[in-house]
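A closer look at the structure
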Amino acid sequence: MDLRLSSAEPTAAERNAVDNAVSRMLGAPSDSQPFLDAGHNARGRRHLLLPALHAVSDAVGWISPGALNHIARRLSVPAAEVYGVATFYALFSTEPRAPRVVHVCDDIVCSAAGSEAIATALAAEDVCWLSSPCLGLCERAPAVLHQRAGEPDFSQAPASAAAVLAATDASRADQVFADPRVSAPQAGQAGLRLLRRVGVVDPTSLDDYRAHGGYSALRRAIQLGPSRVIEEVRDSGLTGRGGAAFPTGVKWDGVATAPQRPHYLICNADESEPGTFKDRVLMELDPFGLIEAMTIAGYATGCELGYLYIRGEYPLATRRLQAAIEAAYRRGYLGPDVMGEGFAFDIELRRGAGAYICGEETALLNSIEGYRGEPRNKPPFPSVSGLFGKPTVINNVETLYNVLEILQIGGPGFAEIGAGRSTGTKLFCVSGAIAVPGVYEVAFGATLRELLELAGGVTGQLRAVLLGGAAGGFVLPSQLDTPLTLEGTRDIGATLGSGVVLVLDTAADIPAVLRRIAAFFRDESCGQCVPCRVGTVRQEEALARLTRGAPRGSWETELALLSDLARVMQDASICGLGHTAPAAVQSAIALGLLAVTPDPSRNGSTSGKVRP
């Protein structure tokens, strides 16, 4: 794409898609003329870039040079920068492609469940398909995502080649997800907190949500007032559930007391860690809970506008959340006078477009603002200078749902649940070689053994558990009695991370698993900093040589290289992706899961073959 506008013009369909999307979000009449203002006002429209790109992609299936030019003119953004943003995301294409595309998950769980056979069958039928990293449907593997021009996206899981070829539309595909017990086997059981409404409440009905206690937490928050709400959250000991475990009350208080205005709230629903699907289950099966929790957070921290940034690969959750937002507006639970209590709060739903890095909080900020989703240097932290340079609260989905429970039982009551610094309950995404995969809720302090037993037990002979996802580490069978707390997992060199519990039996090819993890980080690195951009590639190359039994020099040389790469990425990368990209590999090496057998071609040397 040239640095200036080319002569390419949009088609009528592309023009209408952009104009309608931009006008709808601005509340202005739809027309194709560029805005007449400039300077600050023109720059202030850039945050509409991602929705405009989605509009074109949804309408025609790809983003042409003419569409890029029209977006550039419409939003007063340089054409080269529009192109740079469009090419950053995996779900967008700036090259012509078929109007119907099937994304086939080839990550660890889906590969084991037969996704390769689906891809082979689709290729034989001349269907346009693409390999995809984890689609967040691990409990239903194998999974695919359909993108169809002019039609809603939809998922299929468990998928088969025949089902994919016969798929018709989103409404029929969504019916497969009607039974909540497939994703949340505890659905309907007594004693649940975060999952208490899953399988009990109709996710499409605001009245049913209210009949089961919905919006009582917001009423309680208004009775307490903003400062008391924050005090309750601080007393609860609630920490972030996205992996960093930062105290939520401290974050909220920092924004609430910031003198700069306006304040912004962001719900980080860009759940993309391979093996993670807990947030998706909450959003699909209890969407009004998230809307209520965001409203409470906005009220407590003085935010009048919240952005719900949802993963682009979650079409059903997106539809249900959009419907819940619209219903909340109609009934006065969102808008200029929430519940008639004199405070305003609005929510804008923003779809991601296939970029794992946008789960990093500052990359998410750039994505919403209409830039490439590349992380920013910190400090300043978002609570000081976040979205549009203003104080910003960023919480993930599970963290916000906990606020509803805190306001029901009080901060001190919440703090009594769990163990030590790890208060409350935690959602775990159990998948792999397990009898009943799904999302499980247990109090912090339950052991890994107890969690696996709750999920029906291992289906084979346990080899290891990948805890925390691709950015986590391995746990051996001898460590199953480790308490699932921040402190307990740290003591064994592991992490809870995003709640992934991927069970691997003795049939699992762990070197292949590690290579898939390394390839994932290689592909998902945004490329902004050299340590991560180069380090993730070199890490994957070293593992490829080892899995082929062809190390460069010797086995010891390759291990030394992997160790050096890990130190550089951990010490010098800008963000958490580079810091954690070597975590699983280093964990496997430390625990002896990447072992060797003699290589006959080297006269008995142990410097070649990898033993699965």
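In the block above lies the structure referred to throughout.
Conventions used here
- Residues numbered from 1 in each chain as written.
- Predicted model: local features only at pLDDT ≥ 70, side-chain atom pairs only at ≥ 80, totals over all residues.
- Heavy atoms only, no water.
- Core = buried A, V, L, I, M, F, W, Y, C linked by side-chain atoms within 4.5 Å.
- Buried < 20%, exposed > 50% of the residue type's maximum accessible area, 1.4 Å probe, protein only.
- Helix = DSSP H or I, 4+ residues; strand = E, 2+ residues; numbered from the N terminus.
- Contact = heavy atoms within 4.5 Å.
- Expected span 1.5 Å × (residues − 1).
- Phe/Tyr/Trp six-rings, centres within 6.5 Å; stacked < 30°, edge-to-face > 60°.
- Lys NZ or Arg CZ within 6 Å of the ring centre and 35° of its normal.
- Salt bridge = Lys/Arg side-chain N within 4 Å of Asp/Glu carboxyl O.
- Pairing = 2+ DSSP bridges.
- Axes fitted to C-alpha atoms, helices over the stretch in contact; angles between N-to-C directions.
- Lys, Arg positive; Asp, Glu negative; His and termini not counted.
- Polar contact = N/O pair within 3.5 Å; in protein donor to acceptor, adjacent residues only side chain to side chain.

Comments concerning the nonpolar core
Across soluble globular proteins, nonpolar side chains have a tendency to be buried as a group. Core analysis: the largest hydrophobic core is formed by 155 residues, its most contacted members being Leu53, Tyr89, Trp252, Leu290, Ile291 and Leu308. Per element, the largest residue contribution to this core is nine residues, and it comes from helix H15 (residues 287-301). Among residues more than four places away in sequence, those in contact with Ile291 are Tyr215, Leu308, Leu321, Ala324, Ile325, Ala328, Leu334 and Ile347. Ranked by size, the runner-up nonpolar core spans 24 residues in total, among them Ala245, Ala446, Leu452 and Leu462.

Observations regarding helix H1 (residues 12-26)
The end-to-end C-alpha separation of H1 is 21 Å, in line with the 21 Å expected for 15 residues at 1.5 Å each. Three or more residues of H1 are buried, namely Glu14, Ala17, Val18, Asp19, Ala21, Val22 and Ser23. Buried residues along H1 sit in contact with helix H3 (49-60) and helix H4 (65-75). Phi turns positive, to about 70 degrees, at Gly27, one or two residues after H1.

A few points about the packing of aromatic side chains
In this description, a pair of aromatic rings is defined by centroid distance and the angle of the planes. Summed over the entire model, instances satisfying the criterion amount to 10 aromatic pairs. On the numbers, 4.7 Å between centres and 50 degrees between planes, the contact of Tyr299 with Phe343 is tilted. Separated by 44 residues along the polypeptide, Tyr299 in helix H15 and Phe343 in the loop between helix H16 (315-330) and strand S7 (346-351) bring together distant segments of the chain. Judged by relative accessible area, which is 16%, Tyr299 ranks as buried. With a centroid separation of 5.4 Å and an interplanar angle of 70 degrees, the aromatic rings of Phe520 and Phe521 are classed as edge-to-face. Neither Phe520 nor Phe521 differs from the other in exposure class; each is buried. Taking NZ or CZ as reference, Arg46 lies 3.9 Å from the ring centre of Tyr371, over its face. The side chain of Lys426 reaches across the aromatic face of Phe428, ending 5.5 Å from its centre.

Points about the pattern of salt bridges
Note on pairing: side chains with opposite charge can pair once their charged atoms come close. The final tally for this structure, using the stated rule, is 35 salt bridges. By sharing partners, the salt bridges in this structure join Glu139, Arg140, Arg280 and Glu284 into a single network.

What about the sheet that holds strand S8 (residues 392-396)?
Across the sheet, four strands lie side by side as S7-S6-S5-S8; this open sheet has parallel pairing. The sheet is open, and its two edges are formed by S7 and S8, each paired on a single side. In this sheet, adjacent strand axes meet at a mean angle of 20 degrees when their direction is disregarded. Pairing of strand S5 (residues 263-269) with S8, which is carried by five bridges, proceeds in the parallel orientation.

Concerning the side chain of Arg97
As for its placement among the helices and strands, Arg97 is situated in the loop between helix H5 (79-86) and strand S1 (100-105). Within the buried core, Arg97 has no salt-bridge partner, and the shortest N-O distance to an opposite charge, that of Asp153, equals 8.0 Å. Of note is the side chain of Arg97, whose polar atom sits 3.0 Å from the side chain of Gln147. Setting aside anything within four residues of it in sequence, one finds Arg97 in contact with Gly61, Trp62, Leu91, Leu130 and Gln147.

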